[in-house]
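Observations on the three-dimensional arrangement
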Amino acid sequence: MGVLEHVAGPLGDFASNSSTGVVVAAGFASFLVLAVVLNVLKQLLFKKPNEPPMVFHWFPVIGSTITYGMDPYRFFFANKQKYGDVFTFVLLGRKMTVCLDTKGNNFILNGKIKDVNAEEIYNPLCGPVFGKDVVYDCPNAKLMEQKKFVKFGLTQEALRSYVTLITAEVQDFVKRHKVFKGQKGTFNVPKVMAELTIYTASRSLQGEEVRNMFDAKFADLFHDLDLGFSPINFMLSWAPLPHNRARDNAHNAMIQVYSQIVRERRSGAVKREGHDMIWHLMECKYKDGTPVPEHEIAGIMIALLMAGQHSSSSTIAWILLRLATRPELVEELLQEQKDVLGADLPPLTYEGLQKLPLHAQTVKETLRLHTPIHSIMRKVKQPLVVDGTNYIVPTSHTLMSSPGVSARMDSHFVNPSHWDPHRWDAGMHNYEDSADAETIDYGWGVVSKGTNSPYLPFGAGRHRCIGEQFAYLQLQTILVAFVREFKIRNVGGKREVIVETDYSSLFSRPLNPAVVEWERRGKGEEAELGPGM
Ligand code: HEM
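Note that the coordinates shown come from a computational prediction; the quantities given were computed from them, not determined experimentally. (Residues numbered from 1 in each chain as written. Predicted model: local features only at pLDDT ≥ 70, side-chain atom pairs only at ≥ 80, totals over all residues. Heavy atoms only, no water.)

**Regarding the UniProt feature "binding site: heme" (unreviewed entry) in the chain**
The test is simple: UniProt positions are given in the numbering used here, feature names are shortened, and annotations may be inferred rather than shown by experiment. A run of H or I in DSSP counts as a helix once it spans at least four residues, and a run of E counts as a strand once it spans at least two, with each numbered from the N terminus. Whether a residue is buried, partly exposed or exposed follows from its accessible area with a 1.4 Å probe, protein chains only, as a fraction of its type maximum: under 20%, in between, or over 50%, in that order.
Those places that UniProt annotates as "binding site: heme" (unreviewed entry) correspond, in this numbering, to Cys-465. Structurally, Cys-465 can be placed in the loop between strand S10 (446-448) and helix H18 (468-485). With relative accessibility at 30%, the residue Cys-465 sits in the partly exposed group.

Below, the structure is given as structure tokens:
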């Protein structure tokens, strides 16, 4: 073969490959243009007057996925202004109908079981993480019984013991953690608080065996299992992808760990000590008299761990980040402890915790602006007329509620974007639990329906959170211990500056890293150091 042929061969291939490439690219571009044109025409010409307005979008399937995903609240408020409180948008090919404000919250969250359904939406994602026959992998009536078990397990006695356990855990943590070596320094709040949250939850609710395992293998298992909540899994939770394989392995290992704990305890090898949820579930029976099987105890414990971890760790991180913007409030909190509990700051008790309103208000105000769950979804089971409108939502749509929107509206809260724990000075219950609030019992205790409340960080209706009491106790106890130990402020003392929210996972949380300065209080010298540190 001559030299020219050598050259001509590859060049010829290149020429023909590149012309094929151009044809393919041109074909794709025309297809895209056609798809966009048809999509736009469909929106302009074929509006369904009985259906909620559709948020305008250029691309089919993608729809508003990007704008919603980057900042759901900006998206909700922008479209609320354009279309009102009820509108539909396309999220990865699904039609989501959003219903906002108090009426929208009530319509979706207090919807009847024949009309709306949570398990069909959540189980593809949660089933492989929590496991068989628990939470969304069972009929709703069974979930209600499981919620009752947990709620009734959070007895006064149990909660009282948790205050002591959590306090001890925080004290140990701030003594031995590498970021808190010395007298002052900086720390990445979301990362460090995620660690502290899991230690405190596992020591109290999950029990001593689980806590002892956390330093070693449990943390890795938790991490792998958590991969199951990657947003991509809303579509691909079944797919044989590496993160799903890691999730499944971790799930099996964790079920084994919990089942082993139950077996050992049942065998009598472990003396009953403490009030953790495993002991309690071991004693529970369903209405038909069946005790809760091992794999269900394991699944419920995993669900509690996962549900509590993301929401509580993001909330305590936001609390500290907000306090770092206003260090004088940290001093006010310490002063509240001294005024109420005594200048010598005795060990915190459950009763003591109930007497610290500013601590509770700090949690409450943080949950108003930083509720960890920005979107709650339900499947539509039959065509639904939206209260107070002519719109009918067909069964092909998914309903989406965002109580965080009403919590940020100026029609409900004065200067809503301002974080101010003192806005609740007039009373903690002036929204949700007022005396005339409608209440209901879904089988796991009487709860306020929250029908007219603009403030629902724990949701409402049959799927309302059962962890609220525990979360408040955990967050406030950590706050009490933290304020006793440290002063904090933004790096360089900048006031009112705070990181953006990261909406890229299913739970919203502070954008990582979010670093603040800390300084350890000297014994007996708290009063001398001013709020500016
Ligand atoms: C459900 C918020 C902590 C256990 C929910 C829901 C919200 C919520 C909004 C309703 C979801 C829906 O309607 O689809 C929060 C917040 C927390 C928190 C803001 C902390 C600041 C916890 C903790 C636990 C927990 C600590 C466990 C101890 C659950 C469970 C459900 C739930 C099991 C599912 C209930 C169901 O679908 O019926 N949570 N939660 N949560 N939460 Fe929490």
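**A few points about the confidence of the model for the chain**
Formally: Looking at any residue, its pLDDT shows the predictor's confidence there, from 0 to 100. We call two residues in contact whenever any of their non-hydrogen atoms come within 4.5 Å of each other.
Averaged over all residues, the pLDDT of the chain is 91; the fraction at 70 or higher stands at 93%. Low pLDDT (under 50) marks residues 1-8, which in the prediction has two contacts with non-local residues, meaning those over four places away or in another chain. The low-confidence segment residues 525-533, where pLDDT is below 50, has 16 contacts with residues more than four positions distant or belonging to other chains. Across the predicted assembly, pTM comes out at 0.92 and ipTM at 0.99.

**Let's talk about the site of the ligand**
Where we set the bar: Any residue with a heavy atom positioned within 4 Å of a molecule or strand is treated as near that molecule or strand. Polar contacts, as used here, are pairs of N or O atoms within 3.5 Å; protein pairs need one atom able to donate a hydrogen and one able to accept it. Residues neighboring in sequence count only if both atoms are side-chain atoms. Nonpolar residues are Ala, Val, Leu, Ile, Met, Phe, Trp, Tyr, Cys and Pro. Charged residues are Asp, Glu, Lys and Arg, and all others, Gly as well, are polar.
Not every one of the 26 residues close to the ligand is listed here, only the nearest: Tyr-136, Lys-147, Arg-378, His-463 and Cys-465. In the environment of the ligand, an oxygen atom lies 2.7 Å from a nitrogen or oxygen atom belonging to the side chain of Lys-147. Of the residues forming the shell around the ligand, the biggest block, six residues, is contributed by helix H13 (residues 294-325). Across the shell around the ligand, the residue classes break down as 16 nonpolar, seven polar and three charged.

**Concerning helix H14 (residues 327-341)**
Condition: A helix is expected to span 1.5 Å multiplied by its residue count minus one.
The first and last C-alpha atoms of H14 sit 21 Å apart over 15 residues, in line with the 21 Å expected at 1.5 Å per residue. Taken together, the buried positions of H14 are Pro-327, Leu-329, Val-330, Glu-331, Leu-333, Leu-334, Glu-336, Gln-337 and Lys-338. Check the buried side of H14 and you find it contacts H13, helix H16 (357-369), H18 and strand S11 (486-490).

**What to know about the packing of H13 against H14**
Applied cut-off: Comment: axis = line fitted to C-alpha atoms, over the contacting stretch for helices; angle = value between 0 and 180 degrees taken between N-to-C directions. An angle below 35 degrees is read as roughly parallel, one above 145 as roughly antiparallel, one from 65 to 115 as roughly perpendicular, and any other as oblique.
Contact geometry for H13 and H14: axes closest at 5 Å, N-to-C directions at 110°. As summarised for this structure, H13 and H14 are arranged roughly perpendicular, according to the angle between their axes. Of the residues in H14, those touching H13 at Leu-323, Ala-324 and Thr-325 are Pro-327, Leu-329, Val-330 and Leu-333. When grouped by side-chain class, the residues that make up the contact of H13 with H14 number six nonpolar, one polar and no charged.

**Details of the domain arrangement of the chain**
As a reminder, the rule being used: How far each domain reaches was decided by an automatic or database domain assignment. Accessible area that two parts lose when put together, with a 1.4 Å probe and added across both, is what the buried area reports. Definition used for salt bridges: Asp or Glu carboxyl oxygen within 4 Å of a side-chain nitrogen of Lys or Arg.
Considered domain by domain, the chain is made up of domain 1 (50-116 + 379-409) and domain 2 (131-372 + 410-453 + 457-520). Distance from the C-alpha centre of domain 1 to the C-alpha centre of domain 2: 29 Å. Between domain 1 and domain 2, the contact holds 19 residues from the first and 21 residues from the second. A per-residue breakdown of the area domain 1 buries against domain 2 is headed by Asn-110, Arg-408 and Met-409, which together make up 31% of the total. Our enumeration of links across domain 1 and domain 2 arrives at zero salt bridges. On inspection of domain 1 and its partner domain 2, the count reaches seven residue pairs in polar contact (both at pLDDT 80 or more). When residues of the side of domain 1 that touches domain 2 are traced back to their parent elements, those giving at least two are helix H2 (65-70), helix H3 (72-83), helix H4 (101-109) and helix H17 (403-406). The dominant element in the side of domain 1 that touches domain 2, judged by the number of residues it contributes, is H4, at five residues.

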